[in-house]
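So you can see what is in the structure, the chains are spelled out below.
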Number of protein chains: 2
Amino acid sequence: MNKDNKKYKIAIDVMGGDFAPLNEIKGAIRAYNNKPENIDLQIFLVGKKDLIEKQLKELGNPEFAYEIVHADEVITMKDDPTDALKNKKNSSLYMGVDLVKEGKADAFVSAGNTGAVLATSTVLLGRIEGVSRPTIGSFFPGVQKSVFVLDVGANSDCKPNFLYDFAVMGSIYLKKILGIDNPKVGLLSIGEEESKGNSLVIETHQLLKKSNLNFAGNIEGRDILISDCDIVVCDGFVGNIILKFAESILTLLKAKFKDYADKSLVNKLKIGVSLPTVKNVLSDFDYQNYGGVPLLGINGVIIIGHGKSSDLAIQNMILKAVESVEKEVNKEILIAIKNNS
Amino acid sequence: MNKDNKKYKIAIDVMGGDFAPLNEIKGAIRAYNNKPENIDLQIFLVGKKDLIEKQLKELGNPEFAYEIVHADEVITMKDDPTDALKNKKNSSLYMGVDLVKEGKADAFVSAGNTGAVLATSTVLLGRIEGVSRPTIGSFFPGVQKSVFVLDVGANSDCKPNFLYDFAVMGSIYLKKILGIDNPKVGLLSIGEEESKGNSLVIETHQLLKKSNLNFAGNIEGRDILISDCDIVVCDGFVGNIILKFAESILTLLKAKFKDYADKSLVNKLKIGVSLPTVKNVLSDFDYQNYGGVPLLGINGVIIIGHGKSSDLAIQNMILKAVESVEKEVNKEILIAIKNNS
């Protein structure tokens, strides 16, 4: 430990993902071992103490800077976010967010129930001043580059200023964390002209046009994966439907491939070759590959991951949390929202 | 010609598609030759007379029951629908719809500018009594069956009763034209519970629930291609974005395949095998394969097709138009909307 090092304390929801607590604990250890040299990392393992200790033992009790924070309850994927927030205050999710609220942790990381993380964080930590609504984005694999689509489900009914704030926050995140200078923002619509779209989009277009963002205008559904935009802004209803639709294409192809393969042996061989390639490409829609995504607009650093997160994904989420704290993403959002409004 | 035969007069927009007038004329001839035995078919070829005559000559002046209706102007894909309606009254599109209005044709078929067909038909022919908004659907290739998604772009801002009418009209079309008894209707949302979605969907859910349709509840983006629903109802903004997004997946896969192929000769061979299969499956998103889709809710039979429609697609559009007239789809819609309201 170097005394000049900055120290970051990250809380992880050990009970969160589909493979909890194993992947969460392995991911925490990996993050600790792979952290940048110039920082110190302290990890709060939030969850059932006996389970965590048992798991650590099975992993040979590796040495790393951690502290177990016992949480008696677990919020499952099936729990209603609002009910969970009200009735499961001893859950790992609630207690993890609370560690951030109390200033004991710098950030919280969870591969658990996204809706519950959103609801709990919004209530316990509040929004960054001036932000209309917090948002969740997701990275889509584009032809030219990864595309950060937001919102993908946090807000199903939106107003123009919500979409505007999503664009501002997304731009800052890509700039600070991915190092993209002046990220290009597209507004999802059903025609390129500024008069095209639903009333939400038509009004949002005007807000974005006079902002100091790098606004590329409207883009259509067919452009999401193909345009040179870094960010695509849409309401959370549309964003969530596209994200889930995209994930289902692989299922469609698999089924169609099977029909085709059943027709002849040659076809079968062809498919045996094709399927892994297609899988490979389409699995990029799964956001765990990006090591989670931030909950933007919340007064605190929260990184959420896919339920199926691997230990590598968990590691990346933790390191992304560290980076978000270090680079003061939230402070930048506060300033940008103030300057733009 | 059998004197007991019913006679149908179908107008076709010869200038409409990307391969006009060739595909349109070849399609008309195919439709004539492949029509059911118990009907007589008369085709109005609406467009530039000299071009049509030249094309017919090049095709060897085949014999079939047609009449050329000269139209001096052409509405292109780039024309604004409202401007076109106002300023291009001598276009093949306008004159074709007008033939239906005048009772000279039973139906109109176009692979031209969809927005212009919609605007012109709505203004010239009006809506079926009781219908809130006309709608355009599209067939998506599902794992179990084809899925009729509507609306896919005719209405970008919707109210609950619009979506309700889409469900009623879609159900009748599938029943009468595809012979699907009691088609299953899903409502596109971002959660299965009836409380999930945006306010439009939450209200629509209640309308559909108490209707006499075969309502299966909410379905999510991932279910569109996978559920056992025959119909998926959504607003035209969402529907259009998904449709175009789906069409772009092939472009993404091609690009990713290329990257992969460039890495080694073996990869190149693998891709050579994979791509045609993937293409085959994903091209099903292209609605020309279904021989066009109806403009539902209009006081008249209008079938629209993809700009890239082949002559086979044009043939199918004409035969579908005949069937829609014969089976009195619009009369059924009138009755159903009255009964349900």
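Only a predicted model underlies this, so the values are computations on that prediction, with no experimental measurement involved.

### Structural notes on the confidence of the model for chain A
- When pLDDT is averaged along chain A, the result is 92; 96% of the residues meet or exceed 70.
- With a pTM of 0.92, the predicted complex shows an ipTM of 0.90.

### Observations concerning the interface of chain A and chain B
- Chain A puts 40 residues into the contact, and the matching count from chain B is 41 residues.
- Looking at the side of chain A that touches chain B, the elements with two or more residues in it are helix 8 (236-261) and helix 9 (265-282) of chain A.
- Per element, the largest residue contribution to the side of chain A that touches chain B is 18 residues, and it comes from helix 8 of chain A.
- Its residues assigned to classes, the side of chain A that touches chain B comprises 22 nonpolar, eleven polar and seven charged.

### Topic: the nonpolar core
- Ile10 of chain A together with Ile10 of chain B are the most contacted members of the largest nonpolar core, which totals 224 residues.
- Dropping the residues within four chain positions of it, Ile10 of chain B is found in contact with Leu41, Ile43, Ala105, Asp106, Ala107, Val109, Ile318, Ala321 and Val322 of chain B.

### Here we look at the sheet that holds strand 4 (residues 107-110) of chain A
All names here are of chain A.
- Strands sit in the order 3-2-1-4-11-10-5-6-9-7-8 across an open sheet of eleven strands; the sheet is mixed. Across the chains shown, the open sheet's two edge strands, defined by having one partner strand only, are strand 3 (66-70) and strand 8 (214-219). Neighbour-to-neighbour, the strand axes of this sheet turn through a mean angle of 25 degrees, independent of strand direction.
- One ladder, built from three bridges, connects strand 6 (residues 146-150) with strand 9 (residues 231-233); its direction is parallel. Residue Phe148 lies in a different strand from strand 9, and its bridge partner there is Ile231.

### Focus on the packing of helix 6 (residues 160-178) of chain B against helix 7 (residues 199-209) of chain B
Residue and element names in this part refer to chain B.
- Interaxial distance between helix 6 and helix 7 falls to 8 Å at its minimum, and their mutual angle equals 50 degrees. It follows from the interaxial angle that helix 6 and helix 7 lie oblique. When the axes of helix 6 and helix 7 are compared, the crossing they make is right-handed. Across the interface between the two elements, Pro160, Asn161, Leu163, Tyr164 and Ala167 from helix 6 touch Leu200, Glu203, Thr204, Leu207 and Leu208 from helix 7.
- Grouping the constituent residues of the contact of helix 6 with helix 7 by class yields seven nonpolar, two polar and one charged.

### Overview of the relation of the copies chain A and chain B
- After a rotation of 180 degrees and a shift along the axis of 0.0 Å, chain A superposes on chain B with an RMSD of 0.1 Å. Here the two chains are linked by the operation of a two-fold rotation axis. Residue Ser274 of chain A of chain A places its C-alpha closer to the rotation axis than any other residue of that unit, at 2.1 Å.
- The share of interface residues of chain A whose copies in chain B are also at the interface is 100%, consistent with both copies meeting through the same surface.

Conventions adopted
- Residues numbered from 1 in each chain as written.
- Chains lettered and ligands numbered in written order.
- Predicted model: local features only at pLDDT ≥ 70, side-chain atom pairs only at ≥ 80, totals over all residues.
- pLDDT = per-residue confidence, 0-100.
- Contact = placed C-beta atoms within 7 Å.
- Helix = DSSP H or I, 4+ residues; strand = E, 2+ residues; numbered from the N terminus.
- Nonpolar A, V, L, I, M, F, W, Y, C, P; charged D, E, K, R; others polar.
- Core = buried A, V, L, I, M, F, W, Y, C linked by C-beta atoms within 7 Å.
- Buried ≥ 20, exposed ≤ 12 C-beta atoms within 10 Å, placed from the backbone.
- Pairing = 2+ DSSP bridges.
- Axes fitted to C-alpha atoms, helices over the stretch in contact; angles between N-to-C directions.
- Parallel < 35°, antiparallel > 145°, perpendicular 65-115°, else oblique.
- Left-handed = near helix turned anticlockwise from the far one by under 90°.
- Least-squares fit on C-alpha atoms with pLDDT ≥ 70 in both.

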